Amino acid sequence: MVPLTEPDIRASFVNCTKGEAKRLAVPRDLDEAPWADLDFFGWRDPAADERAYLVAESGGGLVGVALRAAPQTGRVRRSMCSLCLTTHTGDGVSLMTARKAGREGRQGNSVGAYLCTDLACSLYLRGKKDAGRRLDETITLPEKIERTTASLAAFLDRVRG
């Protein structure tokens, strides 16, 4: 992924108002992000645990979505991220919902997906972060990346309507 700037990130959001995008918490350490290893840039709001954000390259531009993480139940379980297919124990996967863009979003419609709670899917795929047990797969890393980006594109398409 190309390195992003704060103005690029704020301008990319499709499912919130310009005012909301202006107020959201963008990480201050953008220069330290491992851009070469990222298929998308995702982060949690440090001031509000239920808020998360994701920005990806899509259709020649950037698409950002504001997400809400469902509260964790506290029950220990193994769950799988629907993007990268990484399995986590405990609270490593969260149901994240995104308000749909445009009229449908203003009517209260949303879409959801089970995602890595820390939104570090790209790093799990590449073995830069460890979630514990990994699925044994015979496909190559480029094929895993392609599968993840296709799943992300489908999710973003559902958000955009």
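Reading the values: the criteria
Residues numbered from 1 in each chain as written. Predicted model: local features only at pLDDT ≥ 70, side-chain atom pairs only at ≥ 80, totals over all residues. Heavy atoms only, no water. Helix = DSSP H or I, 4+ residues; strand = E, 2+ residues; numbered from the N terminus. Rg over C-alpha atoms; globule rule 2.2 N^0.38 Å. Buried < 20%, exposed > 50% of the residue type's maximum accessible area, 1.4 Å probe, protein only. Contact = heavy atoms within 4.5 Å. Areas by Shrake-Rupley, 256 points an atom, 1.4 Å probe, with all protein chains shown as cover. Polar contact = N/O pair within 3.5 Å; in protein donor to acceptor, adjacent residues only side chain to side chain. Pairing = 2+ DSSP bridges. Axes fitted to C-alpha atoms, helices over the stretch in contact; angles between N-to-C directions. Phe/Tyr/Trp six-rings, centres within 6.5 Å; stacked < 30°, edge-to-face > 60°.

Looking only at helices and strands, the protein features five helices and seven strands. Taken from the N to the C terminus, the helices and strands of the protein come in the order α-α-β-β-β-β-β-β-α-β-α-α. The globule rule puts the C-alpha radius of gyration for 161 residues at 15 Å, and the 15 Å found for the protein is close to it. Overall, the C-alpha framework of the protein stretches about 45 × 35 × 30 Å when taken along its three principal axes. Sorting the 161 residues of the protein into buried and exposed places 43% on the buried side. Sequence-distant contacts in the protein: of pairs separated by 6 or more residues, those separated by 24 or more amount to 56%. Of the roughly 8,900 Å² that the protein leaves accessible, carbon and sulfur atoms contribute 50%.

This next bit is on the side chain of S12. Summarising the element assignment, S12 is placed in the loop between α1 (6–11) and α2 (18–23). Overall, S12 belongs to the buried group, its relative accessible area being 4%. Here the side chain of S12 touches I9 through a polar contact of 2.7 Å, landing on its backbone oxygen. Discounting chain neighbours no more than four positions away, the residues touching S12 are V55, L62, V63 and G64.

Pairing between sheet strands relies on hydrogen bonds along the backbone, with the strands arranged either parallel or antiparallel. An order of β1-β2-β3-β6-β7 is seen for the five strands of this open sheet, with the pairing classed as antiparallel. Since the sheet does not close on itself, it has two edges, and those belong to β1 (41–44) and β7 (110–116), each with one partner. Going across the sheet, the axis of each strand differs from the next one's by a mean of 30°, ignoring polarity. Alignment of strand β3 (residues 61–69) against strand β6 (residues 93–99), held across two bridges, turns out to be antiparallel. Of the residues in β6, the one forming a bridge with A69 is M96.

A separate point is unusual backbone geometry. For L85, which is not a glycine, the phi torsion comes out positive at approximately 60°. You can see L85 is positioned in the loop between β4 (78–80) and β5 (87–89). With relative accessibility at 25%, the residue L85 sits in the partly exposed group.

We now examine the environment of A11. Secondary-structure assignment places A11 in helix α1. Through-space distance from the C-alpha of A11 to that of L38 is 19 Å; in sequence the pair is 27 residues apart.

This model, assessed by the stated rule, comprises four aromatic pairs. Ring centres 4.9 Å apart and planes at 45° place the aromatic pair W35 and F41 in the tilted group. The class for W35 is buried, based on a relative accessible area of 7%. According to the relative accessible area criterion, F41 is buried, its value standing at 8%. Between F41 and W43, the aromatic rings sit 5.1 Å apart at their centres with planes inclined by 35°, giving tilted as the arrangement.

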